[in-house]
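# Fold and contact review
As a plain string of letters, each chain reads:
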Amino acid sequence: MFIIGISAAFVDAIKTAPQLYKSYMTKTTKDLSWSTLFLSSTSGLLWFLYGYSQIDIPIIISASFYFLSNLLLVYVKQSHDEHTNTYTNKMDKASSTDD
């Protein structure tokens, strides 16, 4: 059963990797929901705390990676949203001066 637990922890830990990769490569996160990111991060943190309280290594490992990968997604979304808003504001100002 320990091998199944470690395998589940590994799969759980890498499940956000494709989204991280896509967001980083395309430089867009407009389709990522802030609510989903918040709930996923909270879930990872709560699973980590539970695993820690039970001294369950597979859960601790899985939840740690899941929580950290969600924090990375939050960072990427925040930085891309700021960049998009800055670019949009500059374009709006430029187009308003052309009138």
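Bear in mind the structure is a predicted one, so any value in this text is a computation, not a measurement. (Residues numbered from 1 in each chain as written. Predicted model: local features only at pLDDT ≥ 70, side-chain atom pairs only at ≥ 80, totals over all residues. Heavy atoms only, no water.)

## What about the overall build of the chain?
Threshold: Strands here are runs of E lasting at least two residues and helices are runs of H or I lasting at least four, both read from the DSSP assignment and numbered beginning at the N terminus. Three labels apply to residues, based on accessible area from a 1.4 Å probe with only protein chains included: buried if under 20% of the type maximum, exposed if over 50%, partly exposed otherwise in between. Any pair of residues with heavy atoms lying within 4.5 Å of one another is described as a contacting pair.
The secondary structure content of the chain amounts to four helices and zero strands. In the chain, the succession of helices and strands from N to C terminus is α-α-α-α. Put simply, the chain has 99 residues, and 23% of those count as buried. When contacts within the chain are restricted to residue pairs at least 6 apart in sequence, long-range pairs at least 24 apart make up 75% of them.

## A few points about the environment of Thr-29
Among the secondary structure elements, Thr-29 is positioned in the loop between α2 (17–26) and α3 (34–54). If we skip the residues at most four places from it in the chain, Thr-29 touches Ser-23, Val-76, Lys-77, His-80 and Asp-81.

## Digging into the confidence of the model for the chain
So the rule is basically this: The predictor attaches a confidence to each residue, called pLDDT, with possible values from 0 through 100.
Overall, the predicted model of the chain reaches an average pLDDT of 82, with 85% of residues at or above 70. Taking the mean pLDDT of every element in the chain, the minimum, 77, falls on helix α4 (residues 57–97) and the maximum, 92, on α3.

## Points about the packing of aromatic side chains
Our working definition: In summary, the pairing rule links any two rings of Phe, Tyr or Trp, Trp by its six-membered ring, whose centres are within 6.5 Å, and it sorts them by plane angle into stacked for under 30 degrees, edge-to-face for over 60 and tilted for everything else. Distance and angle both matter: a charge sits over a ring if NZ of Lys or CZ of Arg is within 6 Å of the ring centre and within 35 degrees of the ring normal.
The full count for this structure, using the stated rule, is two aromatic pairs. Judged by centre distance (5.8 Å) and plane angle (85°), the rings of Trp-47 and Tyr-50 are edge-to-face. Separated by three residues within a single helix, Trp-47 and Tyr-50 lie in helix α3, roughly one turn from each other. The class for Trp-47 is partly exposed, based on a relative accessible area of 48%. Geometry around Tyr-66 places Lys-15 over its ring, the cationic atom sitting 4.2 Å from the centre. Across from the ring centre of Tyr-24, 4.1 Å away, lies the NZ or CZ of Lys-27, which sits over that ring.

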